[in-house]
Amino acid sequence: MEDELLLQEAKKAREKAYCPYSNFPVGAAAFGENGKIYYGCNIENAAYPDGMCAERTALFSAYADGCRLILKLAVIADSTGPISPCGSCRQVMVELCSPQTKVVLGNLSGLMKTLTVGDLLPGAFTQEDLHGK
Ligand code: ZN
């Protein structure tokens, strides 16, 4: 799956965002090893902390479908530069993807950059830290 194509899929997911409080729709698309694309958008709530980001919505959707290997994740928003995932999403990417998983970040102006999960959260807290291995 080409970076640009997956980013276009994320743009479609962005249209489904429910964000009446921030008015900042974000879309994500996760490409699984099974060839499926899992979509995510931000979903807000009047009780603000109960909302969810687009990236985690897409990754949780993949896992809920039984997909355990994400090959690439794309995220897009109407941001100044390529959208920057929040810290919580970066931590979840570390858990549910691999350090080498590509993350394509874009904005509506056509700016795009591709990093890896490892680039986004160096020194992440992981299962190994939890169990002292
Ligand atoms: Zn997030």
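To be clear, the structure that these remarks concern was listed above.
First, a word on what this report is: a plain description of the structure on this page. No experiment lies behind these values; they were computed from the predicted model shown.

**A closer look at the packing of aromatic side chains**
Counting across every chain of the model gives one aromatic pair. Measuring from centroid to centroid gives 5.6 Å for Y21 and Y48, while their planes differ by 45°, and the two rings are tilted. With Y21 in the loop between α1 (3-14) and β1 (26-32) and Y48 in the loop between β2 (37-41) and α2 (54-64), this pair connects stretches of sequence that are 27 residues apart. Look at Y21 and you get partly exposed, because its relative accessible area is 39%. Owing to a relative accessible area of 62%, Y48 belongs among the exposed residues under this scheme.

**Structural notes on the coordination of the zinc ion**
Donor atoms from the polypeptide that bind the zinc ion are C53 (SG), C86 (SG) and C89 (SG), placed at 2.2 to 2.4 Å. Linear spacing of the donor residues for the zinc ion on their chain is C-x32-C-x2-C. Exposure remark for C86: the relative accessible area of 32% places this residue in the partly exposed category.

**Structural notes on unusual backbone geometry**
With a phi close to 50°, N23 is a non-glycine residue in the positive phi region. Following the sequence through the fold, N23 ends up in the loop between α1 and β1.

**Remarks on the state of the cysteines**
Going through the model one piece at a time under the given rule, you end up with zero disulfides. This cysteine, C67, is not joined by any disulfide, and C97 carries the nearest cysteine sulfur, 9.5 Å off. A relative accessible area of 3% places C67 in the buried class.

**Regarding the sheet that holds strand β3 (residues 70-77)**
Here five strands make up an open sheet; going across it, the order is β2-β1-β3-β4-β5 and the pairing mixed. One side of each edge strand has no neighbouring strand; the edge strands of this open sheet are β2 and β5 (112-116). On average, adjacent strands in this sheet sit at an angle of 20° to one another, irrespective of strand direction. Note that strand β4 (residues 102-107) and β5 share five bridges and pair antiparallel. What sits directly across from L105, in β5, is K113. Those strands touched by α2 are β1, β2 and β3, and its axis lies near 145° from that of β2.

**Some words on the packing of α2 against helix α3 (residues 87-96)**
At their nearest, the axes of α2 and α3 sit 9 Å apart, and the two run at 25° to each other. By the criterion of interaxial angle, the relationship of α2 to α3 is roughly parallel. Read as a crossing pair, α2 and α3 show a hand that is left-handed. For the pair α2 and α3, contact is made by E55, R56, L59, F60 and Y63 and by S88, C89, V92, M93, E95 and L96, respectively. Looking at side-chain class alone, the contact of α2 with α3 contains seven nonpolar, one polar and three charged residues.

**Thoughts on the layout of surface pockets**
Of the volumes computed, that of the largest pocket is approximately 240 Å³. Lining of the largest pocket is provided by 16 residues; of these, V26, N42, E44, M52 and C53 occupy positions nearest its centre. When residues in the lining of the largest pocket are grouped by element, the largest group, three residues, is from α2. Here the lining of the largest pocket is built from residues that sort into nine nonpolar, four polar and three charged.

Rules and cut-offs
Residues numbered from 1 in each chain as written. Predicted model: local features only at pLDDT ≥ 70, side-chain atom pairs only at ≥ 80, totals over all residues. Heavy atoms only, no water. Phe/Tyr/Trp six-rings, centres within 6.5 Å; stacked < 30°, edge-to-face > 60°. Helix = DSSP H or I, 4+ residues; strand = E, 2+ residues; numbered from the N terminus. Buried < 20%, exposed > 50% of the residue type's maximum accessible area, 1.4 Å probe, protein only. Donors = N, O, S within 2.8 Å, 3.2 Å for Na, K, Ca; no water. Disulfide = S-S within 2.5 Å. Pairing = 2+ DSSP bridges. Axes fitted to C-alpha atoms, helices over the stretch in contact; angles between N-to-C directions. Contact = heavy atoms within 4.5 Å. Parallel < 35°, antiparallel > 145°, perpendicular 65-115°, else oblique. Left-handed = near helix turned anticlockwise from the far one by under 90°. Nonpolar A, V, L, I, M, F, W, Y, C, P; charged D, E, K, R; others polar. 1 Å grid on protein atoms, 1.4 Å probe; cavity = no way out; pocket = protein on both sides within 12 Å on 5 of 7 lines; lining within 4 Å. Points joined across faces, edges and corners; volume = space filled by probe spheres on them.

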